[in-house]
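Structure assessment
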Amino acid sequence: MDTKGRLELAHWVAKTARAVGAADAAVDIYRSRSVEVEFRDGQLDLVKESTQNSLNIDVYVDDRFSGHSTNDLRRDSLGSFIKKAVAMTKYLGKDVFRKLPDPKYYKDIKAIDLKLVDDSYDSVEAAQRVKMARNLQELTAGKSDKIISSTAGYYDGDNESIKVHSNGFEGITQSTVFSVGVQVTIDDGNGGRPTDWDYATTRFLSNIPDAETQAQAAVDRVVAKVGQAKIESGQMDMVVVNRAAGNPLYALYGPMGGRALQQKRSFLEGKLGEKIASDQLTVIDDPFIERGLGSRHYNGEGMAARKRTLIEKGVLKEFLIDCYYGRKLGVDPTGGSTSNVIFTYGDKSLDDLIAGVSKGILVTSFIGGNTNGTTGDFSWGLIGMLIEDGKIVKPVNEMNISGNLEGLWGNLVAVGNDPYLYSSLRRPSFHFKDVQFAGL
């Protein structure tokens, strides 16, 4: 079945659902093909190919709602599947807020080429996939005699999503994705086994970094961990390297969401238009970046995508509210999910940020912890490097920071010029003042 056939099938499913008693229906048909290769310690360890077709249908019947999925896309089977789905939905309790989006939110979808498909995908052969993983693993293994294990991986995917709503929405999204990287473990000479990695995920294969760069980056990071230990507790500056900066940013997502607001579990409730961070923080949701991992023409509810500012110079400008919680809150929905998140970037590199610290810690990764979205309080473990007089001194681990998100983001003093490009969250490195670290 081709794209046209899948689109016709989606319309037929929506029409059939209404014919057997549904007030409305939302239909999503997914097709995906993916290939995964893993090369570990000189051996081809994994080759995996997966092709899937699936259909999801959300059924709305007399203010009742349910969701169903199947991998059987034959119309003869689907007829019975839809009929049973509608019948089962009638047993559920009523929820008057469960409805398809108002069709006015489907309008103004921009017809622009986001360049989400690498046309070279079909020309990538099995031998090339294996060669890329093998080459990266072998390059990594030869970088240090401390290495005791290294695993390189290659992944690619070719995906199509078709969405049809019975109240007038129709959309097709096609995309490709490539991911290549390596994880390496060393013997630190004291019984420790530090591990680190370098992975890159892109829409186009040509945007994957060369193997030498990735191998060297992974080995440099893990070798830098040799001798890592706790240090004395204290209040210091904190620089968070870009790839680790997702942790404090994702901690804001939940409290900004409609569900948390409606359920009174957000420390940001009532703070729209108020200062929640320093002037240094401006966060923008931009769905129209070419080749972006989060780029899209519409969101998961079919609402037309739009560029929007979430936080501007520390002021909270917009919540993340989907249609369901918009109705419950009595406000217009803004879209409950983000696309590509970008920032107003600074003019300093990571090295410049480090050079500006008299004493502090460079955080290279967070290792668990907890965040209370109702109060904004958090406690996170971390691994990093001690900074003194603008220079890296020694590795540290098993340190913790705790505090409140508003206090942390209020102490943001500088933003790097180094967006992390291998994620839809294109976060830069950040420099915070007066962070309380707990160690010895």
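See the structure shown above.
Residues numbered from 1 in each chain as written. Predicted model: local features only at pLDDT ≥ 70, side-chain atom pairs only at ≥ 80, totals over all residues. Heavy atoms only, no water.

1. Structural notes on the overall build of the protein chain
On a plain count of helices and strands, the protein chain comes out with 9 helices and 16 strands. Dimensions of the protein chain along its principal axes, counting C-alpha atoms only, are 70 × 55 × 40 Å. Taken over 440 residues, the protein chain has a buried fraction of 50%. By sequence separation, contacts in the protein chain at least 24 residues apart represent 70% of the contacts at least 6 residues apart. Carbon and sulfur atoms form 46% of the exposed surface of the protein chain, whose accessible area is close to 20,200 Å². (Helix = DSSP H or I, 4+ residues; strand = E, 2+ residues; numbered from the N terminus. Buried < 20%, exposed > 50% of the residue type's maximum accessible area, 1.4 Å probe, protein only. Contact = heavy atoms within 4.5 Å. Areas by Shrake-Rupley, 256 points an atom, 1.4 Å probe, with all protein chains shown as cover.)

2. Examining the pattern of salt bridges
Scanning all chains against the criterion turns up 24 salt bridges. Note that Arg6 is salt-bridged to Glu160, the shortest N-O span being 2.6 Å. Taken as a pair, Arg6 in helix α1 (residues 3–19) and Glu160 in strand β4 (residues 147–165) lie far apart in primary sequence, 154 residues in all. This pair shows no difference in class: Arg6 is buried, exactly as Glu160 is. Salt-bridge contacts for Lys163 lead to Asp28; the nearest nitrogen and oxygen are separated by 2.9 Å. Of this pair, Lys163 sits in strand β4 while Asp28 sits in strand β1 (residues 24–40), placing them 135 residues apart in sequence. Here Lys163 and Asp28 have matching classes, each one buried. (Salt bridge = Lys/Arg side-chain N within 4 Å of Asp/Glu carboxyl O.)

3. Description of the packing of helix α3 (residues 126–141) against helix α4 (residues 211–223)
When two helices pack together, their arrangement is given by the angle between the helix axes and the distance between those axes. Relative orientation of the contacting elements α3 and α4 amounts to 45 degrees, with a least axis distance of 9 Å. Looking at the two axes, α3 sits oblique to α4. For the element pair α3 and α4, the recorded crossing hand is right-handed. Packed against α3, whose contacting residues are Asn135, Leu136, Leu139 and Thr140, the element α4 presents Ala211, Glu212, Gln214, Ala215 and Val219 at the interface. In the contact of α3 with α4, the residues fall into 5 nonpolar, 3 polar and 1 charged. (Axes fitted to C-alpha atoms, helices over the stretch in contact; angles between N-to-C directions. Parallel < 35°, antiparallel > 145°, perpendicular 65-115°, else oblique. Left-handed = near helix turned anticlockwise from the far one by under 90°. Nonpolar A, V, L, I, M, F, W, Y, C, P; charged D, E, K, R; others polar.)

4. Description of unusual backbone geometry
Phi is positive for Asp63, close to 65 degrees, though the residue is something other than glycine. Mapped onto the elements, Asp63 comes out in the loop between β2 (43–61) and β3 (64–70). Phi at Lys264 takes a positive value of approximately 55 degrees, unusual for a residue other than glycine. Among the secondary structure elements, Lys264 is positioned in the loop between α6 (258–262) and β8 (283–285). Given the relative accessible area of 56%, Lys264 is considered exposed.

5. Quick look at α1
Across its 17 residues, α1 extends 24 Å between first and last C-alpha, which sits within 8% of the 24 Å expected from 1.5 Å per residue. Every buried residue belonging to α1 is among Gly5, Arg6, Leu7, Leu9, Ala10, Val13, Ala14, Thr16 and Ala17, and all of these are buried. The inward-facing, buried residues of α1 abut β1, β2, α2 (75–89), β4 and β5 (170–186). Positioned one or two residues after α1, Gly21 has a phi angle of 125 degrees, which is positive. (Expected span 1.5 Å × (residues − 1).)

6. As for the nonpolar core
Ranked by size, the top nonpolar core spans 56 residues in total, and within it Trp409 and Phe430 carry the most contacts. In this structure Trp409 touches Pro248, Leu249, Leu252, Ile276, Ala277, Ser278, Leu281, Phe430 and Phe432, once residues within four positions along its chain are discounted. Among the nonpolar cores identified, the runner-up in size contains 23 residues, and Ala152, Val182, Ile208 and Ala211 belong to it. (Core = buried A, V, L, I, M, F, W, Y, C linked by side-chain atoms within 4.5 Å.)

7. Here we look at the packing of aromatic side chains
Counted under the stated rule, the structure contains 14 aromatic pairs. Relative to Phe178, the ring of Tyr121 lies with its centre 5.9 Å away and its plane at 55 degrees, an arrangement referred to as tilted. Residue Tyr121 is found in the loop between α2 and α3, and its partner Phe178 is found in strand β5; the two are separated by 57 residues along the sequence. Residues Tyr121 and Phe178 agree in their burial class; the two are buried. Ring centres of Tyr324 and Tyr325 lie 4.9 Å apart, and the angle between their planes is 80 degrees; this geometry places the pair in the edge-to-face category. For Tyr324, a relative accessible area of 10% puts it in the buried group. By relative accessible area, which is 12% here, Tyr325 ends up buried. (Phe/Tyr/Trp six-rings, centres within 6.5 Å; stacked < 30°, edge-to-face > 60°.)

8. Examining the sheet that holds β4
In a beta sheet, neighbouring strands are held together by backbone hydrogen bonds and run either parallel or antiparallel to one another. Ordered by their spatial adjacency, 6 strands build an open sheet running β3-β2-β1-β4-β5-β6, and the pairing between neighbours is antiparallel. Both outer strands of the open sheet, β3 and β6 (195–202), are each paired with one neighbouring strand and no more. When strand polarity is set aside, the average angle formed by the axes of neighbouring strands in this sheet is 20 degrees. Two elements, β1 and β4, share 15 bridges in a ladder whose sense is antiparallel. What sits directly across from Glu38, in β4, is Gly153. Sheet contacts for α4: β4, β5 and β6; angle to β6, the most-contacted strand, approximately 150 degrees. (Pairing = 2+ DSSP bridges.)

9. A short note on the sheet that holds strand β9 (residues 308–312)
One open sheet holds the 4 strands; their spatial order is β10-β9-β8-β11, and the pairing between them is antiparallel. A strand with exactly one partner marks an edge of an open sheet, and here the two such strands are β10 (315–316) and β11 (341–343). Summarising the sheet, β8 and β9 pair through 3 bridges and their orientation is antiparallel. Bridge pairing links Asp285 to Arg308 in β9.

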